[in-house]
Every structure is written in structure tokens, then in C-alpha cells.
Amino acid sequence: MTDTLKDLKVAILVADGFEQVEMTEPRKALDQAGAKTQIVSPMKGQVQGWNHHDKADKFPVDVALDGAKVEDFDALLLPGGVVNPDALRLEPKAIALVKAFADAGKPIAAICHGPWTLIDAGAVKGKQMTSWPSLKNDLSSAGARWVDQEAVVDGQLLTSRNPKDIPAFNREMVKLFAGAVAHA
């Protein structure tokens, strides 16, 4: 464990159906760098992870979405999976929280289908981004410049394509989030 992200508080926003490895591996990287990670969810008690199309493990919800406030966190992690961000897009409080992070200029890391939530929060216009390939048209239509790269940083936003990109995503996420520590 290092203290690169010592005292940094990271919200991990998920609903049932998140791609488990896109939450657990980035969370492990953040925890190992000294961050305090908390799962924020509209789900009560526990949230269900998935391995592609199959149910995987359940994880305890640390903060109910109803009680989550942007001022309680320094950064945001948006794991993918198809079901998870699609469900979050229907939650006005989830969209409001993501928008609040973007408006505050706090760093956001989104992988795979995670950027879907950023579209609804109005946080992609003019940004260079990547994602799972099926989101290319959605992001482009919302004003983003989509590129096919393993990890893309544009200002306070990091995006990545899929689980194979997790090593690059984690490396860039820790660097991006370290900037939040430096400015705290």
C-alpha cells in the first residue's frame, strides 16, 4: 500500500448489474494507493455484480444514493456493465450526483458502459473519450469526440473501453485522482 491517495474519498456509483471486475479491480488499486472507497447505490443493503451475462458477487452498499453528497467525496468511479449504467440513467438522483461531480471539477473515471451516465449528466460535450464500442454513436451525438484507445484523459475525466484495459485504466485513474489530492 502507498499513500499516493491518502485521505482521498472516492464514491463508486453502481446499481445492480455492474461488471464486477470493473468495480473490484479499480477499487483495489484505489485502496492500495491509500484512498477510502465507498459504494454508493440506489439499491438497499447490497448491490449485485455480474460477470458478463451471469450474476456474480454481492457487495454491501456503504452510502445510500439518497444520502450521497458530492461534498463528501473527492472523486467518482463509474464501473460499466450494460445493466448498471442503464439503470442509473433512470435515477434522477444518480444523474444529479454525477452532474454535481462534473460541475465541481472533481475527477471522474468511467469504464466500458459507464460513460452512458455521463451523457445524461451533460458531462461529455467537447470531451475526448472512449468507451465500449457500442456507445460511440451515443457519445458522439452528445458532443464527445470518441477515440479507440485503452485509456483517455481529458481534463478531469478518464474513460476506458473494457476489462482488458483495466491495467491502463487503473494507472491513469490513480494519476488523475492524485491531482485531486494535490489540490486539496
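Located above this text is the structure these notes cover.
Quick notes on the rules
- Residues numbered from 1 in each chain as written.
- Predicted model: local features only at pLDDT ≥ 70, side-chain atom pairs only at ≥ 80, totals over all residues.
- Heavy atoms only, no water.
- Helix = DSSP H or I, 4+ residues; strand = E, 2+ residues; numbered from the N terminus.
- Contact = heavy atoms within 4.5 Å.
- Core = buried A, V, L, I, M, F, W, Y, C linked by side-chain atoms within 4.5 Å.
- Buried < 20%, exposed > 50% of the residue type's maximum accessible area, 1.4 Å probe, protein only.
- Expected span 1.5 Å × (residues − 1).
- Arc of directions from axis to C-beta.

Draft legend 1. How the structure looks around the environment of His-113. Among the structural elements, His-113 can be located in the loop between strand S8 (108-111) and helix H4 (115-120). Counting along the chain gives 46 residues from His-113 to Thr-159, while the straight-line C-alpha distance between them is 9.8 Å. Those residues within four positions of His-113 in sequence are excluded, and the remaining contacts are Gly-80, Gly-81, Val-82, Pro-85, Trp-132, Ser-134 and Leu-135.

Draft legend 2. Spotlight on unusual backbone geometry. The phi dihedral of Asp-7 falls on the positive side, at around 70°, and the residue is not glycine. With respect to the secondary-structure elements, Asp-7 resides in the segment before strand S1 (9-13).

Draft legend 3. Highlighting the nonpolar core. Core analysis: the largest hydrophobic core is formed by 31 residues, its most contacted members being Leu-13, Val-40, Leu-76, Leu-78, Phe-101, Leu-118 and Leu-139. Broken down by secondary-structure element, the contributors of at least two residues to this core are S1, strand S7 (75-78), helix H3 (92-103), S8 and H4. In this structure, Leu-30, Ala-109, Cys-112 and Leu-158 belong to the second largest nonpolar core, which totals 29 residues.

Draft legend 4. Representation of H3 within the structure. Over its twelve residues, H3 runs 16 Å from end to end, which matches the ideal 16 Å to within 8%, given 1.5 Å per residue. Among the residues making up H3, those that are buried are Ala-94, Ile-95, Leu-97, Val-98 and Phe-101. For H3, the buried positions fall inside an angular range of 160° around the axis, keeping them on one side. For H3, the exposed residues lying more than 90 degrees away from the buried face are Pro-92 and Asp-103. Structurally, H3 contributes buried residues whose contacts are with S1, strand S3 (36-41), S7, helix H2 (83-88), S8 and H4. In the segment just after H3, Gly-105 is the residue with positive phi, at about 75°.

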